[in-house]
Amino acid sequence: MIDHNHEHSLSKTKRQELKGHKSLVIWLTGLSGAGKSTIAKYLEEKLFSQHVHTFLLDGDVVRNRLNQDLGFSAEDRHENIRRIAECARLFTDAGLVTITATISPYKQDRELARSLFDQGDFIEVYVKCSLEECEKRDPKGLYPKARSGEIEEFTGISQPYEEPEEPEIIVDTTEQSVDESVNQILHYIEQNLF
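Residues numbered from 1 in each chain as written. Predicted model: local features only at pLDDT ≥ 70, side-chain atom pairs only at ≥ 80, totals over all residues. Heavy atoms only, no water.

A.B. asks: Residue-level account of the packing of helix α4 (residues 74–93) against helix α5 (residues 107–115), with values.
C.D. replies: It is the contact of α4 with α5, at a shortest axis distance of 9 Å, that shows an interaxial angle of 20°. When the axis of α4 is compared with that of α5, the two are roughly parallel. Judged by the sense of rotation from one axis to the other, the crossing of α4 with α5 is right-handed. Contacts between α4 and α5 pair Arg77, His78, Ile81, Arg82 and Ala85 from the former with Asp109, Leu112 and Ala113 from the latter. Looking at the contact of α4 with α5 residue by residue, the class counts come to 4 nonpolar, 1 polar and 3 charged. (Axes fitted to C-alpha atoms, helices over the stretch in contact; angles between N-to-C directions. Helix = DSSP H or I, 4+ residues; strand = E, 2+ residues; numbered from the N terminus. Parallel < 35°, antiparallel > 145°, perpendicular 65-115°, else oblique. Left-handed = near helix turned anticlockwise from the far one by under 90°. Contact = heavy atoms within 4.5 Å. Nonpolar A, V, L, I, M, F, W, Y, C, P; charged D, E, K, R; others polar.)

A.B. asks: Report on the nonpolar core, specifying residues and quantitative values.
C.D. replies: One recurring pattern in soluble globular proteins: nonpolar side chains tend to sit buried together. If you look at the biggest cluster of nonpolar residues, it comprises 29 residues, and the most contacted ones within it are Ile26, Leu43, Leu47, Val125 and Ile185. Elements with a minimum of two residues in this core: β1 (24–29), α2 (36–49), β3 (97–101), β4 (122–128), α7 (143–148), β5 (169–172) and α8 (178–192). The residues touching Leu43, leaving out its near neighbours within four places in the chain, are Ile26, Ile99, Val182, Ile185 and Leu186. Trp27, Ile81, Ala88 and Phe122 belong to the second-largest nonpolar core, a separate cluster that totals 10 residues. (Core = buried A, V, L, I, M, F, W, Y, C linked by side-chain atoms within 4.5 Å. Buried < 20%, exposed > 50% of the residue type's maximum accessible area, 1.4 Å probe, protein only.)

A.B. asks: Give me the side chain of Thr92: which residues, what numbers.
C.D. replies: As for its placement among the helices and strands, Thr92 is situated in helix α4. Residue classification places Thr92 among the buried residues on the basis of a relative accessible area of 1%. Those residues in contact with Thr92 that sit more than four places away from it in its chain are Lys12, Ser23, Leu24, Val25, Thr98 and Phe117.

A.B. asks: Describe the state of the cysteines, naming the residues involved and giving the relevant values.
C.D. replies: As enumerated under the stated definition, the model contains 0 disulfides in all. Of all cysteine sulfurs, the one in Cys134 lies closest to Cys129, which takes part in no disulfide; the gap is 3.7 Å. (Disulfide = S-S within 2.5 Å.)

A.B. asks: So, the sheet that holds β3: which residues are in play, and what are the values?
C.D. replies: With respect to topology, 5 strands assemble into an open sheet ordered β2-β3-β1-β4-β5, the strand pairing being parallel. Only two strands of the sheet have a single neighbouring strand rather than two, namely β2 (54–58) and β5. Recorded for the sheet is a direction-independent mean angle of 20° between the axes of neighbouring strands. Examined bridge by bridge, β2 and β3 share 5 bridges and lie parallel to one another. Across the sheet, residue Leu56 finds its bridge partner in β3, namely Ile99. (Pairing = 2+ DSSP bridges.)

The structure is reproduced here in structure tokens:
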């Protein structure tokens, strides 16, 4: 296979200067029902209102479009995260603040995602929530199906979730509201990046 990689004449730095802010990825990880998508949506709205150029890669949307050929085996989960990370890197190179909301259950896959970015351009946010609380919320009605065996390979029930060991941010949605969680992330970004 011939490698046709071409260097862009416009650098990431030039794109950031045009947009007036740093580009990076905010990687939200946690169990189904922890609040990742809700936090991501409100975080994007807040950043957009501050004239920050953003793009949201929601795990469910990406799986239904770009990754519809993948299942939920460990190999397919790895490929799902690899593709999301590569997309996020492209958007970051384009000068955007990219927000991902994906379970990304395996530490190795999150480390692979982080390795694609320059130092400081990957902000891991652990959206921590107890399994019990996630099952109470269960906006998609998936946990009973997973417990009955109707859904196999379900994270937190029949598949593991490896908690992040050193994320940049932990928001505990068992205790915190959406606003508190979003404000905590915004505070970190403002203090450390912009």
